[in-house]
Amino acid sequence: MAALLRAAVRSDIRLGKGEPVAMVGAGPAGLAAAHDLALLGLRPVVFETEPVAAGMLAVGVPAYRLPRELIRREVAVIEALGVEIRCNTTVGKEISFAQLRREFAAVILAVGAKSSRALGLPGERGPGVYGGVDLLRAAALGEPLNIGRDVVVIGGGNVAYDVARTVLRQVAYDTARTAARLPGTWRVRLVSLESLEEMPADTIEILEGDEEGIERRNGWGPLEIQRSADGRVQGVVFRRCLRVYDEQRRFAPVYEDSVRETIPCDTVLLAIGQAPSLPFLDAGGEDIEMARPGWPKVDPATLATTAPGVFVAGDLAHGTRLLIDAVASGKAAARSVFEYITGQRIRSEIVETHRVLERYQRERGYEALRRVPAPALPPEKRLESPDAVVELGYTREQAVLEASRCLDCGVSPVFDGARCVLCGGCADVCPTQCLKLVALDSLSGREDLAAAIESLLGGEPDLSENSAILKDEQRCIRCALCAMRCPADAITMERVIFESNWRRA
Ligand SMILES: Cc1cc2nc3c(=O)[nH]c(=O)nc-3n(C[C@H](O)[C@H](O)[C@H](O)COP(=O)(O)OP(=O)(O)OC[C@H]3O[C@@H](n4cnc5c(N)ncnc54)[C@H](O)[C@@H]3O)c2cc1C
Ligand code: SF4
Ligand code: SF4
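No experiment lies behind these values; they were computed from the predicted model shown.

## Examining the overall build of the chain
Regarding its fold elements, the chain presents 15 helices and 22 strands. Taken over 505 residues, the chain has a buried fraction of 42%. Across the chain, every contact between residues at least 6 apart in sequence was considered, and the portion connecting residues at least 24 apart equals 71%. Within the chain, one finds 61 positive and 69 negative side-chain charges whose respective centroids are separated by 3 Å.

## Points about the environment of R72
Take R72: it is sitting in helix α4 (residues 68-80). Taking the C-alpha atoms as reference points, R72 and A53, 19 residues apart in sequence, are found 8.4 Å from one another.

## Structural notes on the pattern of salt bridges
Counted by the stated rule, this structure contains 37 salt bridges. A salt bridge links E349 to R503; the nearest nitrogen and oxygen atoms lie 3.0 Å apart. Of this pair, E349 sits in strand β18 (residues 346-356) while R503 sits in strand β22 (residues 491-504), and the two are 154 residues apart along the sequence. The class of R503 is partly exposed, set by a relative accessible area of 21%. Salt bridges here are not isolated pairs; linked through shared partners, they connect R65, D162, R165, R169, E205, E208, E211, E212 and R382.

## So, the site of ligand 2
As a matter of local geometry, ligand 2 sits amid P413, C430, P431, T432, C434, L435, C476, I477, R478, C479, A480 and C482. Class assignment of the residues belonging to the shell around ligand 2 gives a composition of ten nonpolar, one polar and one charged.

## Thoughts on the site of ligand 1
Taken together, 35 residues lie near ligand 1, and E48, R65, K114, D315 and L323 sit nearest. A29 is positioned such that a nitrogen or oxygen atom in its backbone is 2.9 Å from an oxygen atom of ligand 1. The side chain of K114 places a nitrogen or oxygen atom 2.8 Å from an oxygen atom of ligand 1. Considering ligand 1 on its own, with 1,000 Å² of exposed area, one finds that the protein chains cover 90% of that surface.

## Points about the sheet that holds strand β9 (residues 215-218)
One open sheet holds the five strands; their spatial order is β6-β13-β7-β8-β9, and the pairing between them is parallel. A single partner strand is all that each edge strand has here, and the edge strands are β6 (129-131) and β9. Across the sheet, the axes of successive neighbouring strands diverge by a mean angle of 20 degrees, strand direction being ignored. Bridge analysis of strand β7 (residues 150-154) against strand β8 (residues 187-192) gives five bridges, and the strand direction is parallel.

## Describing the packing of aromatic side chains
Scanning all chains against the criterion turns up four aromatic pairs. Here the aromatic rings of Y245 and F251 are separated by 6.3 Å at their centres, their planes lie at 70 degrees, and the arrangement is edge-to-face. On the basis of an interplanar angle of 70 degrees and a centroid distance of 5.7 Å, the ring pair of F311 and Y340 is categorised as edge-to-face. A residue pair is termed long-range when its members are at least 10 positions apart, and F311 in strand β17 (residues 310-312) and Y340 in helix α10 (residues 323-342) qualify at 29 residues. Here Y340 falls in the partly exposed class, since its relative accessible area comes to 42%. Residue placement shows R169 over the ring face of Y64; its charged tip is 3.9 Å from the ring centre. Between R239 and the ring centre of Y255, over which it is positioned, the NZ or CZ distance is 3.8 Å.

## Looking at unusual backbone geometry
Peptide bonds are trans in most cases, and residues, glycine excluded, mostly fall at negative phi. We note that A54 has phi near 105 degrees; this positive angle belongs to a residue other than glycine. Its location among the elements puts A54 in the loop between β2 (43-47) and α3 (56-59). One non-glycine residue, L303, lies in the positive phi region at around 65 degrees. Its place among the elements puts L303 in the loop between β16 (295-296) and β17.

What counts and how
- Residues numbered from 1 in each chain as written.
- Chains lettered and ligands numbered in written order.
- Predicted model: local features only at pLDDT ≥ 70, side-chain atom pairs only at ≥ 80, totals over all residues.
- Heavy atoms only, no water.
- Helix = DSSP H or I, 4+ residues; strand = E, 2+ residues; numbered from the N terminus.
- Buried < 20%, exposed > 50% of the residue type's maximum accessible area, 1.4 Å probe, protein only.
- Contact = heavy atoms within 4.5 Å.
- Lys, Arg positive; Asp, Glu negative; His and termini not counted.
- Charge placed at Lys NZ, Arg CZ, Asp CG, Glu CD.
- Salt bridge = Lys/Arg side-chain N within 4 Å of Asp/Glu carboxyl O.
- Near = heavy atom within 4 Å.
- Nonpolar A, V, L, I, M, F, W, Y, C, P; charged D, E, K, R; others polar.
- Polar contact = N/O pair within 3.5 Å; in protein donor to acceptor, adjacent residues only side chain to side chain.
- Areas by Shrake-Rupley, 256 points an atom, 1.4 Å probe, with all protein chains shown as cover.
- Pairing = 2+ DSSP bridges.
- Axes fitted to C-alpha atoms, helices over the stretch in contact; angles between N-to-C directions.
- Phe/Tyr/Trp six-rings, centres within 6.5 Å; stacked < 30°, edge-to-face > 60°.
- Lys NZ or Arg CZ within 6 Å of the ring centre and 35° of its normal.

Below, the structure written as structure tokens:
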């Protein structure tokens, strides 16, 4: 498949000769890098410690948000390009980093940030306190979960909600299967430092979490985890948080120390951020300098580390962000590796083309359509199975309606000055009043326009004899009424298409 795709590419790049490149980590960054390297003629091999590929998408994002079948299909496409993925292979155990560097022409570290951050609280170490991402991983892989029935999740972001909502599903499912246990005998509380307005979690997560029965407590900072004499978790002591960020939006929590509350619980899950884990660098990565503990020093332009032939990608390169950032970073790392191995410099070339759209028309009333809410499973159905997908997706009719709201900004009215008879009809008909006919001399003094006027009219035109049509791009709703109205056929609706191509620099 890679060969077929490569044959279709029009580029002057000399492809690689199958030089082997190792990716450590089969998350979105490692897979995106491997995908591009395969197309560039190299031989990517991805090493993954987990039994499944796709990183946090497979062992972090819960199945009720991301169906596993979708992931499997995406990974299969990448494998079909000739990418080899070796699951159950931990770099640092099954194969050393030093061996990778010996056997591969380059290595991309794409290990993500998988370790749950700790709070450093008294009582934190010991049974009953777990990292949120560790719980998500266990749930995703069907491993036994040692959680109680009175759970406190500490954190206020999307990961905290993934954790709390996963616990809710696991406990509800477990209860339904165990006749001896009564429903309703569990509690999942999510305690966040931030007020409701400040919470970093998406609004939809907060709303759906509330609907499902997560008890949200805002404005509390943890102080201590209390344990019984035999070491079991008994509760968490919190103190009131008055403010989380300072005027410059820096994290600088202010507490009211005298206002405290102990929330009883038997399990605590920490969801306050993740950090990378790179123990395997001890054998073979001594020349990789660190920017700060745990995070390699990276050249932002090339994603190269200080060690020759070793690059980074994804969360490890830029800190925890979104999947799409990891993919972009994997692609950037692939390009740098290609340049490093083949010695060719490549650049992206943008080709812009215009396609005239004859008789272009929009749907009636498209500009006034309201957003179609995404249908979701009713709350009482959501806990029936841990994998029941909550966001159901649009029906065909809903999808068409929602898509009709798009203004399609890639389409624009294009004016032909040679044909225009200055009748003003387009400005009259424009529903957003974004067109204006003006005498050119009224624009004098505008340096940005002077160059355009000169290139159109030459040397020293008589500005009072000429006019211009000004268009406010921000207000144009691409309705095409101006083009329909024009008596001189001076306006065409055109689709602007940008295509990017890799070329030798
Ligand atoms: C709970 C959760 C929910 C999220 N939800 C979303 C979301 O809804 N939308 C979104 O855009 N982003 C989301 N993200 C963020 C997104 O998942 C990450 O930004 C993305 O997965 C980072 O990709 P990556 O390839 O850098 O790292 P990862 O996805 O973490 O992949 C790294 C891979 O490296 C492997 N690895 C680590 N060490 C070794 C080793 N020594 N040997 C071999 N393999 C190793 C790991 O097992 C892992 O598979 C979420 C993150 C989390 C934690
Ligand atoms: S396309 Fe519609 S909104 Fe845009 S300039 Fe023409 S009439 Fe105005
Ligand atoms: S409607 Fe056509 S001819 Fe009239 S001012 Fe607009 S572009 Fe010119």
